[in-house]
Amino acid sequence: MKGFSVALFVLITITAALALVMQTTVFQFLPLIPDMLLILCVYLGLHQHSVGGSAGAFLLGYFNDSFSGNLVGLHAFAMSLVFILVYLVSKRLWMDNVVSNVAVVFVASVLKAATISALLAFYLSLDFPWSEFLSTVWFEAIAAALMAPLVFAMLDGGKRLWGID
Amino acid sequence: MVEFLRRNRVFLTSGFFLSLSLGLLSANRGGTHRIDPLGIVFLEALQPLQTVTSAVADRAAAGWAEYVKLVDVNAENQRLRDAVQRLTVERHRMRELELETERLERLLDFRKKLPSNAVTARVIGRDASEWFQTFTLDRGESDGIKPGMAVVHAAGVVGRVAQVSPNAARVLLIADHNSGVDALVQRTRARGIVEGTLAGHCSMKYIRHDEGIQPGDVIVTSGLDGLFPKGLLIGRVVDVTRKDYGLFQVAEVVPAVDFTKLEEVLVVTTPPAVVNAGLDRIAPAERIEPPAP
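All of the points below concern the structure found in this document. Just so it is clear, the model here is predicted, and its values are computed rather than measured. All residue numbers refer to position in the chain's written sequence, counted from 1. The naming scheme follows written order: chains are lettered A onward, ligands numbered 1 onward. Given that this is a predicted model, residues contribute local features only at a pLDDT of at least 70 and side-chain atom pairs are listed and counted only at 80 or more, while totals for whole chains, interfaces and linings are drawn from all residues. Hydrogens are left out, water is left out, and the side-chain values use all remaining heavy atoms of the structure.

This brings us to the interface of chain B and chain A. It only takes one pair of heavy atoms within 4.5 Å for two residues to be counted as in contact. Taken together, the contacts link 52 residues of chain B with 53 residues of chain A. When the two sides are added together, the surface that chain B and chain A hide from each other amounts to roughly 4,800 Å², 69% of it contributed by carbon and sulfur. The definition of a polar contact used here is a pair of N or O atoms within 3.5 Å, where within protein one atom must be able to donate a hydrogen and the other to accept one, and adjacent residues in sequence count solely through side-chain atom pairs. Connecting chain B to chain A are 15 residue pairs in polar contact (both at pLDDT 80 or more). Within the residue set of the side of chain B that touches chain A, elements represented by two or more residues are helix 2 (9–27), helix 3 (39–70), strand 1 (118–126), strand 2 (134–137), strand 4 (156–165) and strand 5 (168–173) of chain B. The element best represented in the side of chain B that touches chain A is helix 2 of chain B, accounting for 13 residues. Each residue receives one of three labels: charged for Asp, Glu, Lys and Arg, nonpolar for Ala, Val, Leu, Ile, Met, Phe, Trp, Tyr, Cys and Pro, and polar for the others, Gly being one of them. For the side of chain B that touches chain A, the class distribution of residues is 25 nonpolar, 17 polar and 10 charged. Two parts placed together each lose some accessible area; with a 1.4 Å probe, that loss summed over both constitutes the buried area. Every helix listed is a DSSP run of H or I at least four residues long, and every strand listed is a run of E at least two residues long, numbered separately from the N terminus.

Here you go:
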């Protein structure tokens with residue numbers, strides 16, 4: 001597991017920008033919007049066990065915050081948490097196959113939604129939004145999990161193309 | 001010590017970023033002043049890409065809708081099919097232009113009635129997550145847009161500007177749970193605050209318990225919050241929750257604007273106090289009456 005190179009930073013930045021544009025425009029026509037930035041965050045957690053990976057996860061969340069809602073730091077916190085948990089899991093389990101990738105993105109999506117719900121409840125002094133959480137989380141998680149193999153394959157392809165280890 | 005730091009560098013960095021996130025959350029909790037140093041850069045950097053992608057996506061969606069309509073056309077008559085498709089696409093394009101003109105005329109008409117300056121802006125992006133109700137406009141600081149400015153539509157109130165970059169702006173819709181608008185029940189003049197909910201609906205809170213509110217009542221802005229000009233349509237009451245105890249009652253409000261279908265909006269660049277003073281000078285019969293939804 002190598003560090004976070006400049007080439008990888010550029011690759012992730014371009015992918016994140018494209019993912020966010022898709023999320024805010026094209027995917028709005030779909031019944032479900034897959035959380036592409038979360039998939040990138042999970043990818044970092046699985047493959048970038050470095051300070052750069054951790055910073056990348058935070059920046060992905062901050063990037064998401066800039067185009068979502070009014071509470072800056074919400075997605076940044078959730079993404080950083082997802083990164084560290086995926087990192088811990090990938091240190092202990094063999095995660096280098098499609099099924100485990102799909103599963104870990106599904107779980108990460110549920111975890112992110114739960115974290116956001118809890119933070120919203122805390123910071124806005126609301127009750128935990130169970131109905132919103134339960135009504136959307138599963139479908140969002142399925143959408144993200146289904147997109148994961150495609151995004152992972154594209155990132156791996158980009159890394160090979162750019163000669164990134 | 002160095003070995004400890006090296007071995008736990010990922011944990012330590014993540015801990016730092018988690019703390020930084022919580023710090024940002026706490027700093028932005030009030031919602032009045034957004035502390036987001038990089039947000040403006042991101043917003044500005046993605047604006048051209050969003051504009052292009054949004055336009056392409058709209059065309060693709062329109063094209064797809066036309067294609068779906070045409071799947072039943074007889075496959076044997078290819079020449080006629082091509083002609084029909086070409087003409088249908090052309091007609092669709094004309095219809096789109098016609099609808100756009102109608103929308104812009106309505107917006108222009110509304111803008112003329114509004115005693116203030118307003119900038120017309122296009123919606124180029126929606127919120128990146130399902131948890132919030134915001135969207136991105138193709139106009140920004142260079143067009144005179146500033147944070148806090150009211151965003152309206154001929155059908156009613158849309159929201160307020162939350163963040164601005166030189167050529168783009170993000171709008172917090174009234175249906176977002178971070179949003180609050182000082183409002184009046186048009187019939188009874190009862191005051192309250194219209195807030196968004198996590199489900200993306202609106203509810204009017206802090207209405208005095210003894211006020212007689214009923215489903216169907218029209219809710220308008222009071223102009224007292226210093227954010228929105230007064231008298232703009234917010235929505236209609238669909239349900240009222242009045243308990244036997246307590247000081248207030250709550251009304252569920254359906255916004256007059258269908259946020260999913262918004263394409264163009266007006267950003268009111270004149271301060272609300274000036275607009276309200278202008279409205280006060282207009283005779284009651286000439287007051288702005290937003291069209292019924």
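Here the focus is the sheet that holds strand 6 (residues 180–185) of chain B. All names here are of chain B. Strands were regarded as paired on the criterion that DSSP finds at least two bridges between them. Spatially, six strands are ordered 6-7-8-11-10-9 in a closed barrel, and the strand pairing comes out antiparallel. Strand after strand, the sheet turns through a mean of 40 degrees between neighbouring axes, direction not considered. Where strand 8 (residues 202–208) and strand 11 (residues 248–255) come together, five bridges link them in antiparallel fashion. What sits directly across from Ile207, in strand 11, is Gln249. Orientation is described by axes fitted as lines to C-alpha atoms, over the contacting stretch for helices, and by angles from 0 to 180 degrees between their N-to-C directions.

Attention now moves to helix 6 (residues 130–162) of chain A. Residue and element names in this part refer to chain A. Between the first and last C-alpha of helix 6 there are 44 Å, a value that for 33 residues agrees with the 48 Å anticipated at 1.5 Å per step. Fitting axes to the seven residues ending at a residue and to the seven starting there, one defines the bend at that residue as the angle between these axes. Maximum bend of helix 6: about 35 degrees, positioned at Ala148, with proline Pro149 one to four residues after it. Looking at the residues trailing helix 6, positive phi occurs at Gly163, about 70 degrees. Given a helix with a known number of residues, its expected span is that number minus one, times 1.5 Å.

With their axes 8 Å apart at the nearest point, helix 4 (residues 74–92) of chain A and helix 2 of chain B run at an angle of 160 degrees to one another. The angle between helix 4 of chain A and helix 2 of chain B places the two elements in the roughly antiparallel class. The two elements helix 4 of chain A and helix 2 of chain B meet at a crossing, and its hand is left-handed. The residues of helix 2 of chain B that touch helix 4 of chain A, namely those facing Leu74, Ala76, Phe77, Ser80, Leu81, Phe83, Ile84, Tyr87 and Leu88 of chain A, are Val10, Phe11, Ser14, Phe17, Leu18, Ser21, Leu22 and Leu25 of chain B. Split by residue class, the contact of helix 4 of chain A with helix 2 of chain B holds 14 nonpolar, three polar and no charged. The cut-offs work like this: below 35 degrees is roughly parallel, past 145 is roughly antiparallel, 65 to 115 is roughly perpendicular, and the gaps in between are oblique. For any pair of crossing helices, the crossing counts as left-handed if the nearer helix is rotated counterclockwise from the farther one by less than a right angle, and right-handed if it is rotated clockwise.

This paragraph deals with the packing of aromatic side chains. Here the aromatic set is Phe, Tyr and Trp, taking the six-membered ring for Trp, and pairing holds for ring centres within 6.5 Å; pairs whose planes are under 30 degrees apart are stacked, those over 60 apart are edge-to-face, and all others are tilted. What the rule picks out here adds up to 12 aromatic pairs over all chains. Considering the side-chain rings of Tyr62 of chain A and Phe42 of chain B, the 6.0 Å spacing of their centres and the 70 degrees angle between planes classify their relative orientation as edge-to-face. Of this pair, Tyr62 of chain A sits in helix 3 (residues 51–66) while Phe42 of chain B sits in helix 3, on two different chains. Residues Tyr62 of chain A and Phe42 of chain B agree in their burial class; the two are buried. Residues Phe122 of chain A and Tyr123 of chain A carry aromatic rings whose centres are separated by 5.1 Å and whose planes lie at 90 degrees to one another, so their mutual orientation is edge-to-face. For every residue, the accessible area obtained with a 1.4 Å probe (protein chains only) is divided by the maximum for its type, and the residue is called buried under 20%, exposed over 50%, and partly exposed between those limits.

There is a patch of nonpolar side chains on the surface, built from Val6, Phe9, Val10, Ile14, Leu18, Leu59, Leu161 and Trp162 of chain A together with Leu38, Val41 and Leu49 of chain B and spanning about 1,000 Å² of accessible area. Counting residues per element, the ones that place at least two in the nonpolar patch are helix 1 (6–24) and helix 6 of chain A together with helix 3 of chain B. Looking at the secondary structure, you find Trp162 of chain A in helix 6. Candidates for patches are residues over 30% relative accessible area with no salt bridge; among them, like charges are joined within 9 Å and nonpolar side chains (Val, Leu, Ile, Met, Phe, Trp, Tyr) within 5 Å. Here the Shrake-Rupley method, with its probe set to 1.4 Å, supplies the accessible areas, and only the displayed protein chains count as covering residues. Should a side-chain nitrogen of Lys or Arg be within 4 Å of a carboxyl oxygen of Asp or Glu, the pair is scored as a salt bridge.

Here the focus is the sheet that holds strand 1 of chain B. All names here are of chain B. An order of 1-2-5-4-3-12 is seen for the six strands of this closed barrel, with the pairing classed as antiparallel. When the angles between neighbouring strand axes are averaged without regard to direction, this sheet yields 45 degrees. Here five bridges tie strand 1 to strand 12 (residues 264–268), and the two strands are oriented antiparallel to one another. Its bridge partner lying in strand 12, Val119 is registered against Val267.

Our focus in this paragraph is the nonpolar core. Here the nonpolar core consists of buried residues drawn from Ala, Val, Leu, Ile, Met, Phe, Trp, Tyr and Cys, with membership extended through side-chain atoms lying within 4.5 Å. Leu37, Ile39, Val42, Phe63, Phe67 and Val105 of chain A are the most contacted members of the largest nonpolar core, which has 53 residues in total. At the level of elements, helix 1, helix 2 (36–47), helix 3, helix 4, helix 5 (98–123) and helix 6 of chain A together with helix 2 and helix 3 of chain B are the ones that each hand at least two residues to this core. Excluding anything up to four places from it in sequence, Phe67 of chain A contacts Leu20 of chain A together with Phe42, Leu43, Leu46, Gln50, Asp127, Ala128, Thr134, Thr136 and Arg170 of chain B.

Moving on: unusual backbone geometry. Residue and element names in this part refer to chain B. Backbone geometry at Arg189 places phi at a positive 65 degrees, although glycine is not the residue there. One can find Arg189 in the loop between strand 6 and strand 7 (191–196). Positive phi values are uncommon outside glycine, yet Tyr206 reaches one of about 60 degrees. If you trace the backbone, Tyr206 turns up in strand 8. Relative accessible area serves as the criterion here: at 45%, Tyr206 is assigned to the partly exposed category.

All names here are of chain A. Along its 26 residues, helix 5 runs 37 Å from first to last C-alpha, staying within 8% of the 38 Å computed at 1.5 Å per residue. With a side-chain oxygen positioned 3.3 Å from the backbone nitrogen of Val99, the residue opening helix 5 is Asn97. Looking one or two residues past helix 5, Ser125 carries a phi angle of roughly 55 degrees, positive in sign.

Moving on, we come to the packing of helix 2 of chain A against helix 4 of chain A. All names here are of chain A. Interhelical geometry of helix 2 versus helix 4 gives an angle of 40 degrees and a closest axis separation of 7 Å. Our classification of the angle between helix 2 and helix 4 gives oblique. The two elements helix 2 and helix 4 cross, and the hand of that crossing is right-handed. Side by side, helix 2 and helix 4 meet where Leu37, Leu38, Cys41, Val42, Leu44, Gly45 and Leu46 of the first sit next to Met79, Val82, Phe83, Val86, Tyr87 and Ser90 of the second. Considered class by class, the residues forming the contact of helix 2 with helix 4 number 11 nonpolar, two polar and no charged.

Below, the discussion takes up the pattern of salt bridges. All names here are of chain A. Inspection of the entire model under this criterion finds eight salt bridges over all chains. Notably, a salt bridge pairs Lys112 with Asp35, separated by 2.5 Å at the nearest N-O pair. Placement of the pair is Lys112 in helix 5 and Asp35 in the loop between helix 1 and helix 2, with a sequence separation of 77 residues. Here Lys112 and Asp35 have matching classes, each one buried.

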